[in-house]
Every structure is written in structure tokens, then in C-alpha cells.
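Below are the chains, spelled out letter by letter.
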Amino acid sequence: MGNQAVSQGITRHYRKVIRVTPVLETSGYSGGDVLIDSTEIPNAVLGLGGCSMLRSISYITQQDAAYSMDIHFTQVQQNLGTMNASPNISDDDLVASNYLGCVESTSGNVSDLGSARVWTFRQSDGDMGLPIFLQAEPDSTSVYFAIIQATTETFAVDDLQFIFDIEY
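Treat the numbers as computed from the prediction; the structure is a model and nothing was measured.

Description of the environment of Asn98
And then number 1: Tracing the chain through its elements places Asn98 in the loop between helix H1 (91-96) and strand S7 (99-104).
And then number 2: Residue class for Asn98 comes out partly exposed when judged on its relative accessible area of 30%.
And then number 3: Put simply, Asn98 and Gln77 are 21 residues apart on the chain and 9.2 Å apart in space, counted from C-alpha to C-alpha.
And then number 4: Within the structure, the side chain of Asn98 is placed 2.7 Å from the side chain of Gln75, a separation counted as a polar contact.

Shown next, in the form of C-alpha cells:
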């Protein structure tokens, strides 16, 4: 049955939680800067060239700050520009990235845990771009994400961890 298991007439989809802690630039960012550039989400699909569905995204910040960002997904590793600078990608390079979609993290559910916050974005939170189909290249199981930050902030190198809830 492809990416499904059937047992006693019940269809079950495979699911996976993938955690990614990107390396951040530690000097101050300005609004609209590239926060994270083309970072791999390993095993985002079940098999080579496969497709999956990104159901929700959470991220943990080790700062007690509120900020928003746009999370862009691509099939191919393609830089949007230089970290901590405005995006600068040509039309041809954007097309070559096999762009998959964007999640705008201006709303969602936030838990303030004192000196840290957890943000979670689901389809039920409103029209933020979820779910998104993630399609890997024919010889890969990875897709990529990049982030444009909308607010001014300064981060430590490992201040953010992203949690991707994926259904195969």
C-alpha cells in the first residue's frame, strides 16, 4: 500500500518528528535579514525522491523574545543570500531551487517558559501555509529550509531548534 500500513481494515500513515538545530550568526540581525540559509531537513521523505506532508512546525528559542519569521522550503539546496543580510537570490536560482512553499510564523501558539519560548504552528492555527508537501530530489530523502526574519534580534550560535512533524 505504498507509504501506508493496513491492519484490520485501518490505514495507518507513517509519521516522523525531525529536529534540526541550525548554526546561527551571532551578530545582530535586522528585520528582513536571512536568519538561516538553506539548511537540510534529513529524511524529510520516506524514500528516494519521495513526497511527504509537513503537518506542523515548532521551534524552541532560548531567548525570552517575541519575533516572527518566514520559513521557506525548497527541494534543492539553494542559498537565499548571505546570513545576516537581506535576501539576494536571482529569479533563475529561485526557480532552480524547486521552491515548495512558505510558512509565516507571525501567529501560532506560544508557550512562555521563563527564559525560553516554544512556538508551534499547525494548520488549525489559521492560514499560515500548512500543510506543505515536501518533495525530495530523485536521489535524495532531504529537503531544505531557509528563514527570513521579520524582526531585529541577536542570537547565540545554537539558540533555535526546529521540530518538523512529518507524515509520509
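What follows picks up the thread again.
Digging into the sheet that holds strand S6 (residues 69-74)
And then number 1: What the four strands build is an open sheet, ordered S4-S11-S6-S7; its pairing is antiparallel. Two strands bound the open sheet, and with one partner strand each, they are strand S4 (34-41) and S7. Each strand axis lies, on average, 20° off the axis of its neighbour in the sheet, ignoring direction.
And then number 2: By the bridge criterion, six bridges tie S6 to strand S11 (residues 143-149) in an arrangement that is antiparallel. Residue pairing in the sheet places Ile71 in a bridge with Ile147 of S11.

Thoughts on the pattern of salt bridges
And then number 1: Per the counting criterion, the structure on display carries two salt bridges.
And then number 2: In this structure, the salt-bridge partner of Glu167 is Arg15, at a minimum N-O distance of 3.3 Å. With Glu167 in strand S12 (residues 160-167) and Arg15 in strand S3 (residues 15-20), this residue pair connects regions lying 152 residues apart in the sequence.
And then number 3: In this structure Glu167 comes out as buried when scored by relative accessible area, which is 12%.
And then number 4: Note that Glu167 is salt-bridged to Arg55, the shortest N-O span being 3.4 Å. Of this pair, Glu167 sits in strand S12 while Arg55 sits in strand S5 (residues 51-61); the two residues are 112 residues apart in sequence, bridging distant segments of the chain.

Reading the values: the criteria
Residues numbered from 1 in each chain as written. Predicted model: local features only at pLDDT ≥ 70, side-chain atom pairs only at ≥ 80, totals over all residues. Heavy atoms only, no water. Helix = DSSP H or I, 4+ residues; strand = E, 2+ residues; numbered from the N terminus. Buried < 20%, exposed > 50% of the residue type's maximum accessible area, 1.4 Å probe, protein only. Polar contact = N/O pair within 3.5 Å; in protein donor to acceptor, adjacent residues only side chain to side chain. Pairing = 2+ DSSP bridges. Axes fitted to C-alpha atoms, helices over the stretch in contact; angles between N-to-C directions. Salt bridge = Lys/Arg side-chain N within 4 Å of Asp/Glu carboxyl O.

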